[in-house]
Every structure is written in C-alpha cells, then in structure tokens.
Amino acid sequence: MSETVDLVVIGGGIIGCAVVQHAAQLLPPSTRILLLDRGPIAGATSGSCMGHLMVTPDSAQEYAFSKTSVDLWRDLQAEEGGFDYNPTGALYLADDPADEALFAVLQAQFAEHGDRAEFLPPDRLRDLEPGLAADLPGALFYPGDGVVLPMLACGAMLRVAQRHNANVQIRSHCAVVGFERAGDRLTGVRTDRGVVHCADVVVATGVWAPELAELAGVPRLPIYPRAGNLAITGHHNSPVRTQLLEISYLRFAHGAAKVDPTRTDDPGGHAVNVQPQSNGGCLIGSTRQFRGMDKTLNRALLHRSLLRAQRYVPDLAQAPILRTWVGLRPYSLDKHPLIGPWPTLRGLWLAAGHEGLGITLSPITGRLLAQQLLGQPTDIDHTPYLPARFLR
C-alpha cells in the first residue's frame with residue numbers, strides 16, 4: 001500500500017497530539033495530516049505519568065515557555081474540555097530550614113515576571129489544606145498551576161484537530177519501520193502497512209525519538225529515559241485538594257542531573273509531588289532514576305517516596321494504594337526539549353525531550369512546531385529549543 005499526505009506526525013502521546021492539534025488549527029484546512037503510533041494513542045509515557053501543569057519562573061524564557069503553555073491549556077478547556085482539567089494551584093512545601101529559604105527566592109522569581117505567589121503562615125496554610133501536618137512552617141501558594149488527565153487530553157486535542165481540519169487521520173497500531181529519502185530530503189515514511197509519501201515528518205516519540213532519528217540516518221539524539229515510580233490511592237481517599245510540591249522538587253526535577261544519564265546504576269532520588277484526582281483519589285510521586293528502558297518497579301525508592309509524602313500529609317498512611325507503576329521521562333542532555341527542524345535532513349522535524357514537563361509544555365510545543373512549519377513568527381522565542389544546537 002502507498003499513499004500521499006502533507007504531514008506525518010509520529011507518536012500518539014501528548015506531544016504528538018498537540019502537534020496535530022496546532023497544525024490543524026494553523027495550517028490550511030486542505031493540509032493532509034496523518035498521526036501514526038505503533039500502539040494505542042496515549043499508550044506509553046502519556047498513559048503512565050503525572051498530569052501537572054506547572055509554571056516555572058526560573059528565567060524570563062522559561063516563564064514565558066511554561067506560562068504561555070498553561071494558558072493554552074485553559075484555552076483547550078474552554079473550547080473542548082473533557083480531560084479533567086482542575087486549576088488546583090500549587091503549594092510549595094518544606095520542612096528543612098535550608099529549603100524554607102527557597103520560599104522567598106521562588107516568590108521573588110514570580111514577582112520578577114509580574115506574577116504573584118503568596119506565603120501562607122501555618123494558620124492560613126491549614127485553612128487551605130487542613131490535612132497537612134500540623135508542624136509545617138508555612139508554604140508558598142501559587143494559584144496558576146493545575147492538573148489534567150493526560151490520556152483524556154490526547155483525545156481532546158485530536159477532536160479539536162479533526163473539527164478544524166477534516167483531512168486529519170489518526171492511525172494507531174501502525175509502526176514506522178523506516179524512512180524514504182532523496183539525498184538530504186526526507187520524502188516519506190515506511191510503516192508495517194506500507195509507504196506514506198509526505199513533505200514533512202515530525203518525530204514526537206519521547207524516549208524513542210533517538211531510535212526513530214537513527215532510522216532516518218540522523219546521529220543518535222541526546223535524549224535518555226529517566227524512570228519514575230508512581231502510586232495512586234483509592235477513589236475518594238485524597239486528603240488534599242491542592243497540588244503539593246516539595247520545594248526541593250524544583251532543584252531535583254528541573255535542575256541538571258548530577259548523574260550520567262547513560263548509566264544504569266543510578267540509585268535515584270525523590271521529592272514530593274502529590275496531585276488530587278477528579279475521582280477523589282490521590283496520585284503520589286515523584287522519583288527519578290536513570291536505568292535505561294527498564295520499567296521494573298523500584299519498590300525501595302517508591303517506599304521512601306510514599307513515606308516522604310506521609311510526612312507532609314499524615315492521612316496518606318491510611319489511604320489504600322490501588323496501583324503502582326513506572327513511566328519513562330525523555331530527558332534531554334541540556335534540560336531543554338528539541339522543537340524544530342533537523343538542519344541536515346530537510347523535512348525532518350523534532351518535538352521531544354521534555355523530561356517531566358511534557359504535559360505542561362505540550363500545547364506550546366505543538367504551536368511552536370506548527371508556526372515553524374508555516375514560517376510564521378513564533379509566540380515566544382523558540383531558538384533555545386532548536387535541535388541544531390546539538391550540531392555545534
């Protein structure tokens with residue numbers, strides 16, 4: 001079988017679905033767009049992750065990147081909904097004096113961007129969240145964060161795409177096995193069902209992006225799997241209503257890794273991230289560990305993570321754990337995702353390497369990629385995320 005389309009997007013997770021949505025919204029409605037995934041839509045990382053929407057104020061660039069994306073999530077909720085969007089806000093917690101000092105630092109960072117986070121002393125903190133431990137010194141509350149259910153969000157993005165463009169096709173359980181090239185130009189993809197001729201291909205396959213890029217004849221991309229162990233409680237058992245983040249999570253999750261990501265003997269680490277779910281359950285993380293593609297549950301590391309969560313929310317000790325599992329985050333070597341064209345192979349575009357912020361950043365990633373495909377000015381500066389930086 002052979003067919004021709006204009007744009008192929010490989011990867012039916014949250015990033016690929018966002019690319020399809022924004023391409024369908026921005027490109028001419030005659031554009032033929034095909035989404036391919038070797039398994040079900042949202043069947044890999046996007047079906048085994050936390051769903052936090054998190055504004056990161058580390059720098060003006062990162063604030064614009066994350067804040068614009070969270071705003072786009074609100075737009076998607078207004079237009080489509082159906083993905084359990086919950087604007088919980090976030091409480092940053094600490095119980096160590098060194099970490100408590102970070103409250104003022106984070107508050108000042110938000111203020112630099114004209115945004116506001118509020119320090120809540122112990123009495124006001126427990127007015128907001130009475131289930132927190134009584135001895136906490138207070139917390140920093142930022143109202144702009146939220147929670148979504150990523151699997152449902154993928155569906156919402158694709159519904160919007162097909163409403164804007166009747167030429168959007170979704171083909172799950174269709175594996176890409178190779179690429180068609182003419183010199184330095186990509187001309188199509190080979191799947192287990194036949195060849196698809198196209199002008200442009202977007203690889204949005206997360207931890208599998210290096211494998212796909214190599215199939216296209218591109219050097220292996222610097223994206224590495226970083227495992228996370230998660231647990232979820234029974235329905236109607238969440239003692240909290242706000243997303244909880246140990247303030248050291250910022251350093252642990254979003255700083256540069258102190259371990260060589262190519263190692264498989266990383267002992268791992270953890271910092272609390274607790275998210276209330278729409279069904280009344282509670283999703284508990286977050287651990288990080290480099291160990292290749294191994295998805296075996298690290299029971300010891302998860303146990304330490306659960307005990308740490310109970311330190312902040314004592315009633316979690318009585319909440320029944322329904323399920324535990326492991327997801328793989330796509331960690332980019334310089335901590336920035338790759339969004340844009342691969343400069344030595346025309347027609348190849350990348351959207352991968354978001355580590356633990358893939359859910360947050362998926363809408364802006366889709367929009368930046370679609371705007372580059374069109375040759376339009378981008379909503380924010382996209383140059384820090386161009387893949388060409390790894391060829392310098």
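Heads up: the structure comes first, above all this text.
Just so it is clear, the structure is predicted and the values come from calculations on it, not from any experiment.

Caption draft 1: Just the overall build of the protein chain, in detail. Along the protein chain, the regular secondary structure elements total ten helices and 20 strands. Its C-alpha radius of gyration of 21 Å places the protein chain within 12% of the 21 Å reference for a compact globule of 392 residues. With respect to the three principal axes, the spread of C-alpha positions in the protein chain is 65 × 40 × 40 Å. Expressed as a percentage of its 392 residues, the buried residues of the protein chain come to 56%. Expressed as a percentage of contacts within the protein chain between residues at least 6 apart in sequence, the contacts between residues at least 24 apart total 77%. Of the accessible surface of the protein chain, which amounts to about 14,900 Å², a share of 53% is contributed by carbon and sulfur atoms. With 34 positive and 38 negative side-chain charges, the protein chain shows a separation of 5 Å between the mean positions of the two kinds.

Caption draft 2: Structural view of the packing of helix H1 (residues 14-26) against helix H6 (residues 150-164). Put simply, H1 and H6 touch, their axes get as near as 8 Å, and they point 20° apart. Here H1 is positioned roughly parallel relative to H6, judged by the angle of their axes. For the crossing formed where H1 meets H6, the hand is left-handed. From H1, Ile14, Cys17, Ala18, Val20, Gln21, Ala24 and Gln25 reach across to H6, where they touch Pro150, Ala153, Cys154, Met157, Leu158, Val160, Ala161 and His164.

Caption draft 3: Here's a closer look at the packing of aromatic side chains. Per the stated rule, a full pass over the model turns up six aromatic pairs. Considering the side-chain rings of Trp73 and Phe83, the 5.5 Å spacing of their centres and the 55° angle between planes classify their relative orientation as tilted. With Trp73 in helix H2 (residues 60-79) and Phe83 in the loop between H2 and strand E5 (90-93), this pair connects stretches of sequence that are ten residues apart. Plain terms: the ring middles of Phe290 and Tyr331 are 5.1 Å apart, the flat faces sit at 75° to each other, and that makes the pair edge-to-face. Taken as a pair, Phe290 in the loop between strand E17 (282-288) and helix H9 (299-312) and Tyr331 in strand E18 (residues 321-332) lie far apart in primary sequence, 41 residues in all. Among the aromatic residues, ring-to-ring pairing joins Trp73, Phe83 and Tyr85 into one connected group. For Arg311, the ring lying beneath its charged end belongs to Tyr312, and the centroid distance is 5.6 Å. A cation over an aromatic ring shows up here: Arg323 above the ring of Trp325, its NZ or CZ 3.9 Å from the ring centre.

Conventions and cut-offs
- Residues numbered from 1 in each chain as written.
- Predicted model: local features only at pLDDT ≥ 70, side-chain atom pairs only at ≥ 80, totals over all residues.
- Heavy atoms only, no water.
- Helix = DSSP H or I, 4+ residues; strand = E, 2+ residues; numbered from the N terminus.
- Rg over C-alpha atoms; globule rule 2.2 N^0.38 Å.
- Buried < 20%, exposed > 50% of the residue type's maximum accessible area, 1.4 Å probe, protein only.
- Contact = heavy atoms within 4.5 Å.
- Areas by Shrake-Rupley, 256 points an atom, 1.4 Å probe, with all protein chains shown as cover.
- Lys, Arg positive; Asp, Glu negative; His and termini not counted.
- Charge placed at Lys NZ, Arg CZ, Asp CG, Glu CD.
- Axes fitted to C-alpha atoms, helices over the stretch in contact; angles between N-to-C directions.
- Parallel < 35°, antiparallel > 145°, perpendicular 65-115°, else oblique.
- Left-handed = near helix turned anticlockwise from the far one by under 90°.
- Phe/Tyr/Trp six-rings, centres within 6.5 Å; stacked < 30°, edge-to-face > 60°.
- Lys NZ or Arg CZ within 6 Å of the ring centre and 35° of its normal.

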